[in-house]
Amino acid sequence: MSEETFEAFNLHQDLLAGIQAMGYKTPTPIQVRAIPEILANKDLIACAQTGTGKTAAYLLPLLDRISHANHDHTSTLVLVPTRELAKQIDEQIEGFAYFVPAQSIAIYGGNKGDSWDAQKKAITSGADIIVATPGRFIAHMNMGYVNLDKLEYLILDEADKMLDMGFMDDIMRIVRDLPQKRQTLLFSATMPSKIRELARRILQDPIEISLAVSKPAEGIDQRSYIVYDKQKLPLLQHLIQELDVQSMIIFTSRKSAVNDIVKAVRRMGHSAEGIMSDRTQEEREAAMQGFRNKQFKILVATDILSRGIDVDNISHIINFDVPHDAEDYVHRIGRTARASTTGTAITFISEKEQYRIKRIEQLIEKVLPKLPIPADLGEGPAYDPTARKPASAPNRNKNRHSGSDRKKKPFQPRTNNQREKDSSSPKPPVSGT
Ligand code: AMP
């Protein structure tokens, strides 16, 4: 591709000023490939993960159009899977819109009652860009005041995630109300057949762009440890102590584990908050804001956060468990090393999670280094590259390697004295990034 500067795209001067103010110096590969196609009015299906700059890849050309247009109607609808992503895109638009007079509104559920009226007002007054989760948007459509007759651009962002969340029917319901003549852009981290089917139904003669799919950014240092479940918290304590943690996200697949991990991390003497789908919108936002502002440095989250959330300078990701879906591994660790920085992602692999590693390694085309656990945590399980999914019946092997010489007591963080006493024991190679 020839364009390697934003100037080469021939964007509106005001938008270029916005790009400069956002600190973007050169376009990312997805931007280099997508922006000219979008400016040429093409429908687009793009396979790109978060962290690649995909949001600006569609926002910039659309804002360029909007900056030349009348501002009396909603021209652009961006459908997204989660409220966090909706808010984040809306904030990015606001960043550019400081220079380009585009109005946008994020429409999502679960917040205070008064936001419904603000959303209704923005919809009826014809905000240029609506960024919405499908369910909430349909709720507004059902009230009869949503007029999409002049809609020109439909964007499906993180389409695979939307389908995973069961939004297919909602998407089709919304699309039915849109003008046939429009430009449609579909962004997805993965391209399973159901995405192809969706694309076939709603895109017209699309250009396809595929960036190296599902490969974590080069700057991520990936490591793993094979551990028994009960060694996970002591290992976490060891790592937080050893690593130069600026900010860390600890991911777990289990909602029920979030609070326990938060409490354990606090007992270790570190500030931490948890975020998961059970929390109210306000609580989730307050936690995200506190994390962004560095009020606390450790955030514990379920996979709801693993996609699309944009917090700068996360130095470490801990996968407290191995995600069920290999794609989620890529999304989780993609929270660090964003936009060409570096970061460290460490995965704790328990015996019964070993079988999930192969699929991840196939996907990332890389073997995860498996480091020895610190000697003072006792022996870990052996790595078994042929491990298979355990039978769903109660785990027959549960106690086979339970490290039975270790007493069954709740995890207690080690005190400084203990740490000093332990400091003669050999440490695994876990120095900073
Ligand atoms: P996204 O993939 O859209 O989630 O973007 C990931 C991060 O990269 C966001 O923080 C963007 O603001 C940032 N970003 C997007 N494009 C660029 C660029 N050309 N240069 C530097 N940062 C960028």
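Here we summarise the structure given alongside this text. (Residues numbered from 1 in each chain as written. Predicted model: local features only at pLDDT ≥ 70, side-chain atom pairs only at ≥ 80, totals over all residues. Heavy atoms only, no water.)

1. Here's the deal with the overall build of the protein
Selection rule: Comment: elements are numbered from the N terminus, with helices defined as DSSP H or I runs of at least four residues and strands as E runs of at least two. When accessible area is computed with a 1.4 Å probe and restricted to protein chains, residues below 20% of their type maximum are described as buried, those above 50% as exposed, and intermediate ones as partly exposed. Contacts between residues were defined by any pair of non-hydrogen atoms, one from each residue, lying within 4.5 Å. Only the protein chains shown count as covering a residue, and every accessible area follows the Shrake-Rupley method with a 1.4 Å probe.
Along the backbone of the protein there are 15 helices and 14 strands. Across the 433 residues in the protein, those meeting the buried criterion constitute 54%. Contacts in the protein between residues far apart in sequence, at least 24 positions, make up 79% of those at least 6 positions apart. Surface exposure of the protein reaches about 19800 Å², of which carbon and sulfur atoms provide 47%.

2. What to know about the nonpolar core
What counts, and what does not: In these notes, a set of buried Ala, Val, Leu, Ile, Met, Phe, Trp, Tyr and Cys residues joined through side-chain atoms within 4.5 Å is what counts as a nonpolar core.
Judged by nonpolar contacts, the single largest core of 41 residues is most densely connected at Tyr58 and Ile89. Elements that contribute at least two residues to this core include exactly helix 1 (13-21), helix 2 (29-39), strand 1 (44-47), helix 3 (54-67), helix 4 (83-97), strand 4 (129-132), strand 5 (153-156) and strand 6 (183-188). Not counting residues within four places of it along the chain, the set of residues in contact with tyrosine 58 comprises Ile38, Val78, Ile89, Ile155, Asp157, Leu185 and Phe187. In terms of nonpolar packing, the next biggest core, distinct from the first, is built from 34 residues, Leu79, Phe137, Ala159 and Ile195 among them.

3. A word on the site of the ligand
Our working definition: Residues are labelled near a given molecule or strand when at least one of their non-hydrogen atoms is within 4 Å of it. The term polar contact refers here to a pair of N or O atoms within 3.5 Å; inside protein, the definition further demands a hydrogen-donor-capable atom paired with an acceptor-capable atom, and it admits residues adjacent in sequence only when both atoms are side-chain atoms. For this scheme, ten residues count as nonpolar: Ala, Val, Leu, Ile, Met, Phe, Trp, Tyr, Cys and Pro. Four count as charged, namely Asp, Glu, Lys and Arg, and the remainder, Gly too, count as polar. A domain assignment, automatic or from a database, supplies the domain bounds used here.
Surveying the vicinity of the ligand reveals 15 residues, the closest of which are Tyr24, Gln31, Gly51, Gly53 and Thr55. At 2.9 Å from a nitrogen atom of the ligand is found a main-chain nitrogen or oxygen belonging to threonine 26. A distance of 2.7 Å separates an oxygen atom of the ligand from a polar atom in the backbone of glycine 53. Here the residues of the shell around the ligand sort into four nonpolar, eight polar and three charged. Counting residues domain by domain, the shell around the ligand receives three or more from each of domain 1 (6-210) and domain 2 (220-377).

4. Some points on the pairing of strand 9 (residues 248-251)
Filter applied, for reference: In this scheme, strands are said to pair when DSSP sees at least two bridges between them.
Burial along strand 9 is two-sided: the face carrying Met248 and Ile250 and the face carrying Ile249 and Phe251 are both buried. The sheet contact formed by strand 9 and strand 11 (residues 298-301) spans four bridges and is parallel. Bridging from a neighbouring strand, isoleucine 250 pairs with valine 300 of strand 11. Bridge count for strand 9 against strand 12 (residues 316-319) is four bridges, and the pairing is parallel. The residue bridging isoleucine 250 from the neighbouring strand is isoleucine 318, located in strand 12.

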